[in-house]
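If you want the building blocks of each chain, they are given just below.
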Amino acid sequence: MLFDDLCASGSKFLNYFRMSKPSFDELLGHIKDDITVPETPLNKSIPAEEKLALTLRYFATGTSMTDLHFQYRISQPTISVIVRQVCKAIWNRMRQICFPTLTEEYWLKTAAEFYEKTNFPHCLGAIDGKHIRVVKPEKSGSLYFNYKNYFSLILLAMCDASYKFIFIDVGAYGKSSDSTVFKESVFFKTLTGNKMNIPPPQQSFTGLPETMPLCSSGTKHLAFQRTYSDLMQEKCSTARRNIECSFGILANKWRIFHRPLNVHLSLCEDIVKVCCLLHNFVRERDGFKIEDTLTVEGLFDLDASREQPTKKATKLRDKFADYFMSENGAVSWQMNRI
C-alpha cells in the first residue's frame, strides 16, 4: 500500500529498501521470471514486485517474519517460502554480474587501485572473517558455539579498494579459528591449486628494487602480510581497513545482521550470500554513506590461531618493511605514528 508513495520520493525509497528505484527495477528485471508464479482461477499469485520488496525489507530491518506477516498481510509460512525463492533467484541470476571474474588483468587493476588509495604496493585485496550470529541450529552440538559464547556461522570475505567483495565463503562452524576457516575455504583451495589467475611477481611500483609477488592484507594468519611491528601495523592497516569498512557498510545497510538469524541454517547461508551480493550491487549503483564504514555492528572478529608464519612469508614481510622505510615507500605521517 505504501509502494507508490515510496516511489514518489527517491530518498524515502532508498531508505526503505536500501537501494534506489532504478536499482530495484534492474534487480527485478533479472529475477522476475524466476519468482513469478502463474495465477489459477482459484488463487491469485503474489506479484514478483511484492516478493522482492518483502525480501529486501526483511534484510534491511532485521524484523521477524511474524512482523512482516502483519505488515504485508501474507502468512508466515508463505513469507519463508518467498524469502527462499527470492534468495535463490538473486544468487543464481546475479552472481556472475556482481562478483568479478578473476583474471590477471583484474588483479593488476585491483593492485594498482590499492597502491593509489593506500600506498600499499602489490596488494590483491584485504581479507578477514566475521561471526554471523544465529539461533542454535538443531542437533549441531557445539559446532557453531564460538569463543565469545554464542552460536554463529562464519563469513570469510576478500574485498577490493572500492569496498566491494571479490570473494566470499559462508558457512564454516562458529567454533573454528581464523586459520582453520581460511584453510578449509574454497578460496584457499583455489589459491593453492593455482586457479585464481594471479599474475607472476611484478616490478610495476616505484621504489621496489626487485620483482615482488602480489599478496593480500588482513589480520593475523588470514593474510600473507602479518603485522609484526608498529610501522607495519600502521601501513598494513591502511589496506586492511578496506575489509572492515566493507563489513561496516554490509551490516549497517542490511540490519538483519544486528540480531541472531532465527531461520534454518541453509537459509542463514543463503541470506548471508545474497546480502554480500546486494552489497556489491548497491555499492556500484548507489554508492554508500561514509558513516556506515565507521562501525561494524552485529559482526564480530574470529578467534586467532597460534600458528607460526613460514620463513618465506617472514622474508617477504621484511622486504615490504624495508620498502616502507625507504624514501620511495614512506608516507609523511608514518614516523609520528610509531
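Here the structure is a predicted model, which means the values were calculated and not measured.

A. Representation of the overall build of the protein in the model. Secondary structure summary: the protein contains 13 helices and 5 strands in total. Relative to its 338 residues, the protein shows a buried fraction of 50%. Expressed as a percentage of contacts within the protein between residues at least 6 apart in sequence, the contacts between residues at least 24 apart total 72%. When the accessible area of the protein is evaluated, it comes to approximately 16,700 Å², of which 50% is carbon and sulfur surface.

B. Up close: the pattern of salt bridges. This structure, assessed with the given rule, holds 7 salt bridges. Ionic contacts of the salt-bridge type, sharing partners, join the residues Lys130, Glu244 and Asp301 into one network.

C. Molecular detail of helix α2 (residues 10–17). Among all positions in α2, only Phe13, Tyr16 and Phe17 are buried. One side of α2 holds all its buried residues, which, seen down the axis, span an arc of 75°. Exposed side of α2, more than 90 degrees from the buried face: Ser11 and Asn15 are the residues found there. Of the residues flanking the end of α2, it is Arg18, one or two places downstream, whose phi is positive at about 65°.

D. Molecular detail of the packing of helix α5 (residues 65–72) against helix α6 (residues 76–98). Relative to each other, α5 and α6 sit at 105°, their axes nearing to 9 Å. Of the possible angle classes, the one that applies to α5 and α6 is roughly perpendicular. Here Met65, Thr66, Leu68 and His69 of α5 come into contact with α6, specifically with Gln76, Ile79, Ser80 and Val83. Residue classes in the contact of α5 with α6 are distributed as 4 nonpolar, 4 polar and no charged.

E. Fine view of the packing of aromatic side chains. Tallied over the entire structure, the rule returns 18 aromatic pairs. Aromatic side chains Tyr144 and Tyr173 sit 5.2 Å apart centroid to centroid with 90° between the ring planes, which places their arrangement in the edge-to-face category. Of the two residues, Tyr144 is situated in the loop between β1 (123–133) and β2 (152–159) and Tyr173 in strand β3 (residues 165–173); the sequence distance between them amounts to 29 residues. Exposure remark for Tyr144: the relative accessible area of 7% places this residue in the buried category. An aromatic cluster of three or more residues is present, and its members are Phe3, Phe13, Tyr16, Phe17 and Phe24. In this structure, Arg57 packs its charged tip against the face of Tyr16, placed 3.9 Å from the ring centre.

F. A look at unusual backbone geometry. Phi at Arg18 is positive, roughly 65°, even though this residue is not glycine. Given the relative accessible area of 14%, Arg18 is considered buried. The backbone of Asn149 shows a phi angle near 70°, a positive value even though the residue is not glycine. The topology assignment puts Asn149 in the loop between β1 and β2.

G. Up close: the side chain of Asp160. Along the polypeptide, Asp160 turns up in the loop between β2 and β3. Lacking a salt bridge, the buried Asp160 has Lys164 as its closest oppositely charged neighbour, with an N-O distance of 4.8 Å. Here Tyr163 takes part through its backbone nitrogen, which lies 3.2 Å from a polar atom of the side chain of Asp160. Once residues within four sequence positions are removed from consideration, Asp160 is found in contact with Tyr106, Thr110, Phe114, Ile166 and Asn242.

H. Here's a closer look at the packing of α6 against helix α11 (residues 265–286). Closest axis-to-axis distance for the α6/α11 pair is 9 Å, and the angle between their directions is 45°. Between α6 and α11, the angle is such that the two are oblique. The chirality of how α6 crosses α11 is left-handed. Facing Val83, Arg84, Cys87, Ile90, Trp91, Met94, Arg95, Ile97 and Cys98 of α6, the residues of α11 in contact are Ser266, Leu267, Asp270, Ile271, Lys273, Val274, Leu277, Leu278, Asn280, Phe281 and Arg285. Looking at side-chain class alone, the contact of α6 with α11 contains 13 nonpolar, 2 polar and 5 charged residues.

I. Fine view of the pairing of β2. Across the 8 residues that make up β2, a large majority, 8, are buried. Two elements, β1 and β2, share 8 bridges in a ladder whose sense is antiparallel. Bridge assignment links Gly129 to a residue of β2, and that residue is Leu156. Bridge analysis of β2 against β3 gives 7 bridges, and the strand direction is antiparallel. Across the sheet, the residue bridging to Cys159 is Phe165, located in β3. In this antiparallel pair of consecutive strands, β2 and β3, the connection spans 5 residues, and Tyr163 shows a positive phi of 70°.

Reading the values: the criteria
Residues numbered from 1 in each chain as written. Predicted model: local features only at pLDDT ≥ 70, side-chain atom pairs only at ≥ 80, totals over all residues. Heavy atoms only, no water. Helix = DSSP H or I, 4+ residues; strand = E, 2+ residues; numbered from the N terminus. Buried < 20%, exposed > 50% of the residue type's maximum accessible area, 1.4 Å probe, protein only. Contact = heavy atoms within 4.5 Å. Areas by Shrake-Rupley, 256 points an atom, 1.4 Å probe, with all protein chains shown as cover. Salt bridge = Lys/Arg side-chain N within 4 Å of Asp/Glu carboxyl O. Arc of directions from axis to C-beta. Axes fitted to C-alpha atoms, helices over the stretch in contact; angles between N-to-C directions. Parallel < 35°, antiparallel > 145°, perpendicular 65-115°, else oblique. Nonpolar A, V, L, I, M, F, W, Y, C, P; charged D, E, K, R; others polar. Phe/Tyr/Trp six-rings, centres within 6.5 Å; stacked < 30°, edge-to-face > 60°. Lys NZ or Arg CZ within 6 Å of the ring centre and 35° of its normal. Lys, Arg positive; Asp, Glu negative; His and termini not counted. Polar contact = N/O pair within 3.5 Å; in protein donor to acceptor, adjacent residues only side chain to side chain. Left-handed = near helix turned anticlockwise from the far one by under 90°. Pairing = 2+ DSSP bridges.

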